[in-house]
Amino acid sequence: MRVLSGIQPTADSFHLGNYLGALRQWVRLQETHETFYCVVDLHAITVEQDPKVLRERTRRSAAQLLAIGVDPAHSALFVQSHVPEHAQLSWVLECQTGFGEAGRMTQFKDKASKQGTDRASVGLFTYPVLQAADILLYQANAVPVGEDQRQHLELSRNLAQRFNNRFGATFTVPEPHIVKDTAKIYDLQDPSAKMSKSASAAGGIVELLEDPKRSAKKIRSAVTDAGREVIYDPEGKPGVANLLTIYSALTERGIAELEAAYEGKGYGDLKKDLGEVLVDWVTPFQERVRSYLDDRAELDKVLAAGAERAREVASRTLAKVYRRVGFLPPG
Ligand code: ATP
Ligand code: MG
């Protein structure tokens, strides 16, 4: 069984939502599946980028993935632009995608409306098709992502099925692997919005590479309702529910156990303790990231080996696709 997933190098640091919603699953799945994980730099240029910063963020992203536990002995860890088949398959799939179909993607509508539709790039519009190419190239059965990616995954499935119907069995139809409990981590200052690299204000997002003391402070200042009781009620107490979700995921303690532990105590105790849990987890993580970044030559070697493994699979799929659509093989 194959797994593929990717993350954008669009910020200096990943955030807690990325980790709990997706990256933790990446690490778990590598024990039981053949896993391909990439830093999707082609996706990152759908919004404006500074070339030097993008290069730096790409390395930092790879270092964070290694520090989280992505193991190059198990997983092919690579940079998307090192495998040209992603862009090549994307073109073919774009020609199978309806204009209206692409226009219904809610993430495009959100991000484009923020930039103004005239300024949003065509790349931002076709982004979900490139994502389908990322997945279908590896014949992935499962794609570990957060809830916000469900609609894009549905498009990948539709494109795989459409292509198979039209040209004969070519692609595995992928399933989203979304772990319900942590599928959507919310902004600490606005518990109705998802924690996001590009949309969250500084106080709403826990960055894995920021000063851990700052993260603990953000947790202590998280928006909660006027009540006192620590109970899990996502409708009535979305802020507290979000903190309990994070606490439970980081400690592997069940929500009911945490509710019992905080009976008779208040939000202040919960926030203070969660801040400490976070500091204890993130401090050694940051040390590991630093040591991966200190040895750039080794990091680049890991990425080169990952790209080579990825290309073996990707080039086979692309050759098949090119035959199927009727391209003349080079003589
Ligand atoms: P951007 O705002 O630039 O789109 P992002 O925070 O959404 O950044 P991505 O690189 O787009 O990060 O997503 C990486 C992975 O993290 C995806 O699988 C996505 O579903 C997941 N993810 C992102 N935000 C959250 C969140 N708040 N809760 C759970 N999972 C999340
Ligand atoms: Mg995103």
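Conventions we followed
Residues numbered from 1 in each chain as written. Chains lettered and ligands numbered in written order. Predicted model: local features only at pLDDT ≥ 70, side-chain atom pairs only at ≥ 80, totals over all residues. Heavy atoms only, no water. UniProt positions renumbered as here; feature names shortened; annotations may be inferred. Helix = DSSP H or I, 4+ residues; strand = E, 2+ residues; numbered from the N terminus. Buried < 20%, exposed > 50% of the residue type's maximum accessible area, 1.4 Å probe, protein only. Polar contact = N/O pair within 3.5 Å; in protein donor to acceptor, adjacent residues only side chain to side chain. Salt bridge = Lys/Arg side-chain N within 4 Å of Asp/Glu carboxyl O. Expected span 1.5 Å × (residues − 1). Domains from an automatic or database assignment. Contact = heavy atoms within 4.5 Å. Buried area = accessible area lost by both parts, 1.4 Å probe. Nonpolar A, V, L, I, M, F, W, Y, C, P; charged D, E, K, R; others polar. 1 Å grid on protein atoms, 1.4 Å probe; cavity = no way out; pocket = protein on both sides within 12 Å on 5 of 7 lines; lining within 4 Å. Points joined across faces, edges and corners; volume = space filled by probe spheres on them.

### Digging into the UniProt feature "binding site: L-tryptophan" (unreviewed entry) in the protein chain
Piece 1. If you check UniProt for "binding site: L-tryptophan" (unreviewed entry), the listed places come out as Asp134 in our numbering.
Piece 2. Inspection of the secondary structure assignment puts Asp134 in helix H7 (residues 122-137).
Piece 3. Given a relative accessible area of 4%, Asp134 falls into the buried group.
Piece 4. Polar contacts involving the side chain of Asp134 include one to the side chain of His43, which spans 2.9 Å.

### Re the pattern of salt bridges
Piece 1. With the rule as written, the count across this model stands at 19 salt bridges.
Piece 2. Measuring nitrogen to oxygen at the nearest pair gives 3.0 Å for the salt bridge that ties Arg59 to Asp300. Of this pair, Arg59 sits in helix H3 (residues 51-68) while Asp300 sits in helix H13 (residues 296-325), and the two are 241 residues apart along the sequence.
Piece 3. Classification of Arg59 as partly exposed rests on a relative accessible area of 23%.
Piece 4. Here Arg162 ties to Glu101 by a salt bridge, and the two come within 2.6 Å at their closest N and O atoms. Here the residue Arg162 occupies a position in helix H8 (residues 150-167), and Glu101 occupies one in helix H5 (residues 99-103), the gap between them amounting to 61 residues.
Piece 5. Residues participating in the shared-partner salt-bridge network are Arg24, Arg28 and Glu252.

### Quick word on H3
Piece 1. For H3, with 18 residues, the first-to-last C-alpha span of 26 Å sits near the 26 Å given by 1.5 Å per residue.
Piece 2. The set of residues buried in H3 consists of Leu54, Thr58, Ser61, Ala62, Ala63, Gln64, Leu65, Leu66, Ala67 and Ile68.
Piece 3. Where H3 ends, the next residue or the one after it, Gly69, has phi of about 125°, a positive value.

### Regarding the domain arrangement of the protein chain
Piece 1. One can read the domain layout of the protein chain as domain 1 (2-182 + 295-325) and domain 2 (212-290).
Piece 2. Taking only C-alpha atoms, the centre of domain 1 and the centre of domain 2 are 31 Å apart.
Piece 3. Each side of the interface is counted separately: domain 1 has eleven residues, and domain 2 has ten residues.
Piece 4. The contact between domain 1 and domain 2 buries some 870 Å² in all, and 73% of this surface belongs to carbon and sulfur atoms.
Piece 5. At the junction of domain 1 with domain 2, the criterion picks out two salt bridges.
Piece 6. Of the charged contacts, one joins Arg28 and Glu252 as a salt bridge, the two residues approaching to 3.3 Å between their closest N and O atoms.
Piece 7. The set of elements that each furnish at least two residues to the side of domain 1 that touches domain 2 consists of helix H1 (16-29) and H3.
Piece 8. No other element matches H1, which puts five residues into the side of domain 1 that touches domain 2.
Piece 9. Looking at the side of domain 1 that touches domain 2 residue by residue, the class counts come to six nonpolar, two polar and three charged.

### Here we look at the layout of surface pockets
Piece 1. Computed from the structure, the second largest pocket encloses a volume of approximately 260 Å³.
Piece 2. The wall of the second largest pocket is formed by 13 residues, among which Asp41, Arg55, Thr58, Val79 and His82 lie closest to the centre.
Piece 3. Only H3 and H13 provide two or more residues apiece to the lining of the second largest pocket.
Piece 4. No other element matches H3, which puts five residues into the lining of the second largest pocket.
Piece 5. For the lining of the second largest pocket, a count of residues per class yields five nonpolar, four polar and four charged.

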